[in-house]
Amino acid sequence: MARNKHPEETFNLILDVAFRLFMEKGYEHTSIQDIIDHLGGLSKGAIYHHFKSKEEILVAVTDRMTEESNRILSEIRDRAGLTGKEKLKMIFKESIFRPVQDDIFTVAPDLSGNPKLIFSILRETVDVAAPDYILPIVEQGIADGSIQTDYPAELAELIILAANVWMNPMIFDNSADEAYRKFMVFRQMMQGFGLDIVDDELLARLQELASIYQRNK
């Protein structure tokens, strides 16, 4: 068996191969053995040295795909000259219009039968996305008067949980039409908070992503 003496190179090779296979065959139809067969002779141990499961490989693939995007989101959060409300709208647009989203929704699994991955999304949303990206923006909006709430942490969680979980077709297997109706409710909810952050362009893009997922699941 060929061996790679450089763990970082092996790690990246596994992610490169897994991403390509997820794109070509879909996550559900790609096995650990499929990945091993395309590693150029590396052993099964090369995978299990870095990853305990296929789910962990998917998480690492997604993390690598979104690393640059998250840097951009951080820059928006910290940008001067915008109100909290303006930043919230911008951060949503940057999140769904970044080109990598097409790839994410192409390789994404059907999460409805995978509680481990759903729980991982929930923890990431509550423990990272809400406090690191959304809460600082809500707090700025309260300070500058563009957002009104007495419960900034809870509002931040509600917004991101609705966006990342409730409206996620990978969890609820929503069709494009079903996704659109959820998006409309989300839009009305945000307007109820005085946050007109979901426009027609955003709705069309969200519906497009749902269609990409349904085509490739």
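This structure is a prediction, so every number in the text was calculated from the model and none was measured. (Residues numbered from 1 in each chain as written. Predicted model: local features only at pLDDT ≥ 70, side-chain atom pairs only at ≥ 80, totals over all residues. Heavy atoms only, no water.)

## Some remarks on the side chain of Gln-101
Here Gln-101 shows up in helix H6 (residues 100-107). Gln-101 gets classed as buried once you look at its relative accessible area, which sits at 10%. Once residues lying within four places of it in the same chain are set aside, the contact partners of Gln-101 are Ser-95, Ile-96, Arg-205 and Leu-209. (Helix = DSSP H or I, 4+ residues; strand = E, 2+ residues; numbered from the N terminus. Buried < 20%, exposed > 50% of the residue type's maximum accessible area, 1.4 Å probe, protein only. Contact = heavy atoms within 4.5 Å.)

## Things to note about a negative patch on the surface
There is a patch of like negative charges on the surface, built from Asp-63, Glu-67, Glu-124 and Asp-132. Counting only elements with at least two residues in the negative patch, the list comes to helix H4 (54-78) and helix H7 (115-144). Mapping Asp-132 onto the fold places it in helix H7. Overall, Asp-132 belongs to the partly exposed group, its relative accessible area being 36%. (Patch = residues over 30% accessible without salt bridge, like charges linked within 9 Å, V, L, I, M, F, W, Y side chains within 5 Å. Areas by Shrake-Rupley, 256 points an atom, 1.4 Å probe, with all protein chains shown as cover. Salt bridge = Lys/Arg side-chain N within 4 Å of Asp/Glu carboxyl O. Lys, Arg positive; Asp, Glu negative; His and termini not counted. Charge placed at Lys NZ, Arg CZ, Asp CG, Glu CD.)

## Re the pattern of salt bridges
What the rule picks out here adds up to 13 salt bridges. Lys-85 is the partner of Asp-196 in a salt bridge, and the nearest nitrogen-oxygen pair spans 2.9 Å. With Asp-196 in the loop between helix H10 (176-192) and helix H11 (200-216) and Lys-85 in helix H5 (residues 84-97), this pair connects stretches of sequence that are 111 residues apart. Among the ionic pairs, Asp-102 bridges to Arg-205, the shortest N-O distance being 2.6 Å. Placement of the pair is Asp-102 in helix H6 and Arg-205 in helix H11, with a sequence separation of 103 residues. Residue classification places Asp-102 among the partly exposed positions, given a relative accessible area of 26%. Residues joined by salt bridges that share partners form a network here, namely Lys-89, Lys-93, Asp-199 and Glu-201.

Don't take any of this as a statement about function, it's just geometry.
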